[in-house]
Amino acid sequence: MANVVDLRSDTVTKPSPAMRQAIANAEVGDDVHGDDPTVNRLQEYMANLLSKEVALYVPSGTMANQVSIRSVCEPGDELILDETTHSYNYETAGPSALAGVSLRFIRSARGVFNGTDVEPLVRPRVMHFANSRMVIVENTNNVGGGSVWPLEQVRDVRAAADRHGLHVHLDGARLMNACVATGNKPADFARYVDSISICFSKGLGAPVGSIVAGPADFIDRARRFRKMFGGGMRQAGIIAAAALYAIQHNVERLAEDHANARKLATALAELPGVKVDVDSVETNIVIFDIELELGGAANFAQKLRERDVWLLPTGPQRLRAVTHLDVPAAQIDQAIEVFRALCTQPSAA
Ligand SMILES: *Cc1c(COP(=O)(O)O)cnc(C)c1O
């Protein structure tokens, strides 16, 4: 395993020795009763970081999004989101199954849209229609290849939402990547949205957990739905300690992951049979296409895997590589060598 370059996702990161020490030392209590001091410390830290009234620790990014949707929407309401959005594509139809909402799609470039994309999708408040209730912004956008929202575009969506009384939720699973890439602070993005979530278990390197933050009345509802969805946790300080460690120690270093992603993309762009837009690599995700002579993406991924480079196909000719704290720069060089061998001898692929 030591040799494996695991670029499948930034979720594969494992707790470091220092993080494990923080886990071992965590003070705990029963968080369903509100008495886990470490969970409380994490929630206060995150509310403060995001300049939101209250924050709630939840087991996953999926739950963060789903309790947010359920807290705002009633069955028959409508959610407006880009067709790439995680909460639609990768959360097992949660919005329909758990909140009974109908979905209306924006089709934007790489999941980054404007207020003018939202407004035509808002339904008139007439008896025949669903109630347009909520908009989701995803920053960075995963399917868009880690694309970053310029702050002005979040503000623009906020302004459009205000004209129609819509709640704006920011799925910031990788918000800290967006912050490191732009120099904006988390609160700069958070101020334009009603609710916001961040994952600790992606590039921040914690084993479990996400935060959702917003106004007190929203979080009261979110806490109730967290319990309903089975996310009420007991001595959760054990994992909250890792989340606190992650947010306090592993943010600035995301810049290394971004540099590694760019280095990988730049090298791939020079190889025969690979198509990648290097300028689109803004954070830690590289999406690239391979030409037919290299075979299909699944076959290509298998050939890479045989050479200890792991990544995921995301389409018939498309693959995704994600950099993170368990892939040092030397492993990027190792991966580039493997790509070079496969692409320059297509018979090997
Ligand atoms: C990973 C991710 C989530 C959360 O996914 P989990 O599998 O529940 O951790 C939510 N939104 C985005 C954009 C993600 O990339």
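Up top is the structure these notes are about.
Residues numbered from 1 in each chain as written. Predicted model: local features only at pLDDT ≥ 70, side-chain atom pairs only at ≥ 80, totals over all residues. Heavy atoms only, no water.

1. Things to note about the site of the ligand
Close to the ligand lie 13 residues; T62, H86, D171, R174 and K202 are nearest. Side-chain polar atom of T62 to an oxygen atom of the ligand: 2.6 Å apart, as the coordinates give it. In terms of residues, the shell around the ligand owes the most to one element, helix α3 (residues 61-72), which gives three residues. A breakdown of the residues in the shell around the ligand according to their chemical character gives two nonpolar, six polar and five charged. (Near = heavy atom within 4 Å. Polar contact = N/O pair within 3.5 Å; in protein donor to acceptor, adjacent residues only side chain to side chain. Helix = DSSP H or I, 4+ residues; strand = E, 2+ residues; numbered from the N terminus. Nonpolar A, V, L, I, M, F, W, Y, C, P; charged D, E, K, R; others polar.)

2. What to know about a nonpolar patch on the surface
A cluster of nonpolar side chains, contributed by V126, M127 and F129, occupies part of the molecular surface with about 320 Å² of accessible area. Structurally, M127 is set in the loop between α6 (115-118) and β5 (131-138). Residue classification places M127 among the exposed residues on the basis of a relative accessible area of 74%. (Patch = residues over 30% accessible without salt bridge, like charges linked within 9 Å, V, L, I, M, F, W, Y side chains within 5 Å. Areas by Shrake-Rupley, 256 points an atom, 1.4 Å probe, with all protein chains shown as cover. Salt bridge = Lys/Arg side-chain N within 4 Å of Asp/Glu carboxyl O. Buried < 20%, exposed > 50% of the residue type's maximum accessible area, 1.4 Å probe, protein only.)

3. A look at the layout of surface pockets
Remark: the empty space left among the atoms is shown by a probe the size of a water molecule rolled over them. Considering only enclosed or pocket space, the largest pocket measures out at about 540 Å³ in volume. Together, 27 residues line the largest pocket, and V143, G144, G145, I287 and R318 are the ones closest to its centre. Mapped by element, the contributors of at least two residues to the lining of the largest pocket are β10 (285-290) and β13 (318-322). Sort the elements by how many residues they give to the lining of the largest pocket and β10 lands first, with five residues. (1 Å grid on protein atoms, 1.4 Å probe; cavity = no way out; pocket = protein on both sides within 12 Å on 5 of 7 lines; lining within 4 Å. Points joined across faces, edges and corners; volume = space filled by probe spheres on them.)

4. Focus on helix α13 (residues 297-306)
Residues of α13 that are buried: A297, F300, A301 and L304. Looking straight down α13, one finds that the buried residues subtend no more than 100° of arc, so they occupy a single side. For α13, the secondary structure elements touched by its buried residues are β10, β11 (309-310), β12 (312-313), β13 and α14 (329-344). The positive-phi residue at the C-terminal boundary of α13 is D308, with phi of around 70°. (Arc of directions from axis to C-beta. Contact = heavy atoms within 4.5 Å.)

5. Considering the packing of aromatic side chains
Counted by the stated rule, this structure contains six aromatic pairs. Look at F113 and W149: their rings are 4.8 Å apart centre to centre, the planes differ by 85°, and that puts the pair in the edge-to-face class. Note that F113 is positioned in the loop between β4 (102-106) and α6 and W149 in the loop between β5 and α7 (151-164), a separation of 36 residues in sequence. The two residues F113 and W149 agree in class, both being buried. For the ring pair F288 and F339, a centre distance of 5.7 Å and an interplane angle of 80° mean the geometry is edge-to-face. (Phe/Tyr/Trp six-rings, centres within 6.5 Å; stacked < 30°, edge-to-face > 60°.)

Note that all results are geometric; they support no functional claim without further evidence.
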